[in-house]
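In case you want the letters, here they are:
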Amino acid sequence: MAIARGYAATDASKPLTPFTFDRREPRDDDVVIDIKYCGVCHSDIHQARNEWGNSTFPMVPGHEIVGIVRAVGSRVTRFKLGDRVGVGCFVDSCTTCASRDLDLEQYLPGLVPTYNGFESDGQTPTQGGYSDHIVVKEGYVLSIPENLPLNAAAPLLCAGITLYSPLRHWKAGPGKKVAIVGMGGLGHMGVKFAHAMGAEVTVLSQSLSKKEDGLKLGADHYYATNDPETFTALAGRFDLIICTVAAEIDWNAYLTLLKVDGDFVLVGIPENPVPVHAFSLVPARRSISGSMIGSIKETQEMLDFCGEHGIVSEIETIGIDEINGAFERVIKSDVRYRFVIDMASIKA
Ligand code: NAP
Ligand code: ZN
């Protein structure tokens with residue numbers, strides 16, 4: 001066992017505080033990673049505050065992890081000391097199920113989340129990237145392209161893949177009109193990816209306060225949803241709407257913005273059920289779907305795409321002792337556009 005230092009939520013109502021815990025001794029197929037940076041995802045806040053009702057404490061959040069390989073087990077073949085690597089939202093999955101071959105392991109039972117879950121023994125809690133190192137099976141470690149700065153690449157491991165995967169699945173590309181709802185950590189990555197894939201991109205944000213940024217990142221159009229005129233002007237416009245919002249919004253109003261056969265994809269995860277009227281779907285054969293992160297194979301494909309296109313996240317770097325203030329700013333939509341913790345700030 002090696003002692004890890006990090007920050008943990010000890011209870012849903014308390015701020016995160018310094019925390020030490022054990023990481024397992026590396027096994028033959030493990031990679032030991034010195035964590036350099038970790039992104040702050042809104043899911044970290046939902047879970048640290050038990051907003052999804054499935055939290056166990058103490059919890060070290062963090063699933064947008066990048067770092068440098070410190071050691072490898074004897075059977076590891078793809079990584080060596082000094083490699084630049086990443087770890088996303090899960091660190092193990094079902095290896096026996098036949099559908100594993102579909103590269104959709106994120107949707108199968110047996111998925112082991114990077115934190116707020118249990119190892120496949122069902123007993124050892126997993127702890128995430130708000131910490132100085134992590135031990136992960138080789139098969140769940142990603143390579144970070146050499147040309148991407150490590151700090152701005154961290155959010156690709158969750159925010160990046162969560163938008164890349166549905167944009168690919170619903171075939172965003174030339175001739176497709178795509179709307180991204182919410183210009184936050186996930187949303188701003190959606191704008192970059194949809195633009196790079198060749199789609200016509202519209203941002204639907206609460207106000208026009210981030211319009212200049214949105215257009216710079218690749219949006220063709222930018223509308224404020226606090227203006228009722230937006231819903232009249234854009235009625236029946238989009239092939240695909242990806243919604244990153246976790247708050248209660250007027251779902252039916254957004255659905256009317258889809259064309260015939262349009263798809264509305266939820267990636268944001270509100271606390272409460274989503275009320276949808278049949279008349280928002282039926283008269284235009286519209287669909288509403290959900291999408292969750294991406295497989296390891298697709299995450300590597302996304303990272304390679306980022307390497308080719310020079311895509312990273314827009315970040316604000318913080319010390320780990322600033323994490324509780326950062327959570328409050330994320331909740332207020334006051335971050336441009338992802339906080340990333342510099343792990344050098346963990347004191348010995
Ligand atoms: P975030 O940075 O807080 O972004 C969310 C955006 O939603 C905000 O920037 C804001 O955009 C908009 N928003 C906030 N409050 C709103 C309100 N009351 N009404 C309308 N819009 C509002 O969060 P994130 O890290 O991108 O995560 C977003 C959601 O996705 C969270 O629920 C998270 O748990 C979930 N998530 C899902 C997956 C998955 O696999 N499906 C993966 C990661 C995260 P504007 O300021 O532009 O309005
Ligand atoms: Zn996340």
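Residues numbered from 1 in each chain as written. Chains lettered and ligands numbered in written order. Predicted model: local features only at pLDDT ≥ 70, side-chain atom pairs only at ≥ 80, totals over all residues. Heavy atoms only, no water.

1. Concerning the domain arrangement of the protein chain
Partitioning the protein chain into structural domains gives domain 1 (2-158 + 313-345) and domain 2 (159-290). Computed from C-alpha atoms alone, the centre-to-centre distance between domain 1 and domain 2 is 28 Å. Counting residues at the interface gives 14 residues for domain 1, matched by 19 residues for domain 2. With both sides pooled, the region where domain 1 packs onto domain 2 buries about 1,400 Å², and carbon together with sulfur makes up 52% of that total. If you look at where domain 1 meets domain 2, you find 2 salt bridges. The shortest N-O distance in the salt bridge between Arg336 and Asp213 comes to 3.8 Å. Where domain 1 meets domain 2, there are 14 residue pairs in polar contact (both at pLDDT 80 or more). Looking at the side of domain 1 that touches domain 2 residue by residue, the class counts come to 6 nonpolar, 3 polar and 5 charged. (Domains from an automatic or database assignment. Contact = heavy atoms within 4.5 Å. Buried area = accessible area lost by both parts, 1.4 Å probe. Salt bridge = Lys/Arg side-chain N within 4 Å of Asp/Glu carboxyl O. Polar contact = N/O pair within 3.5 Å; in protein donor to acceptor, adjacent residues only side chain to side chain. Nonpolar A, V, L, I, M, F, W, Y, C, P; charged D, E, K, R; others polar.)

2. Quick look at the environment of Thr20
Considering the arrangement of structural elements, one finds Thr20 in strand S2 (residues 17-23). By relative accessible area, which is 52% here, Thr20 ends up exposed. Each C-alpha atom, one on Thr20 and one on Arg5, is 4.6 Å from the other, the two residues being 15 residues apart in sequence. Other than its neighbours up to four places away in sequence, Thr20 contacts Ile3, Ala4 and Arg5. (Helix = DSSP H or I, 4+ residues; strand = E, 2+ residues; numbered from the N terminus. Buried < 20%, exposed > 50% of the residue type's maximum accessible area, 1.4 Å probe, protein only.)

3. Considering the side chain of His46
Relative to the helices and strands, His46 resides in helix H1 (residues 42-48). Among the residues examined, His46 registers a relative accessible area of 8% and is labelled buried. Setting aside anything within four residues of it in sequence, one finds His46 in contact with Glu51, Trp52, Ala246 and Ile269.

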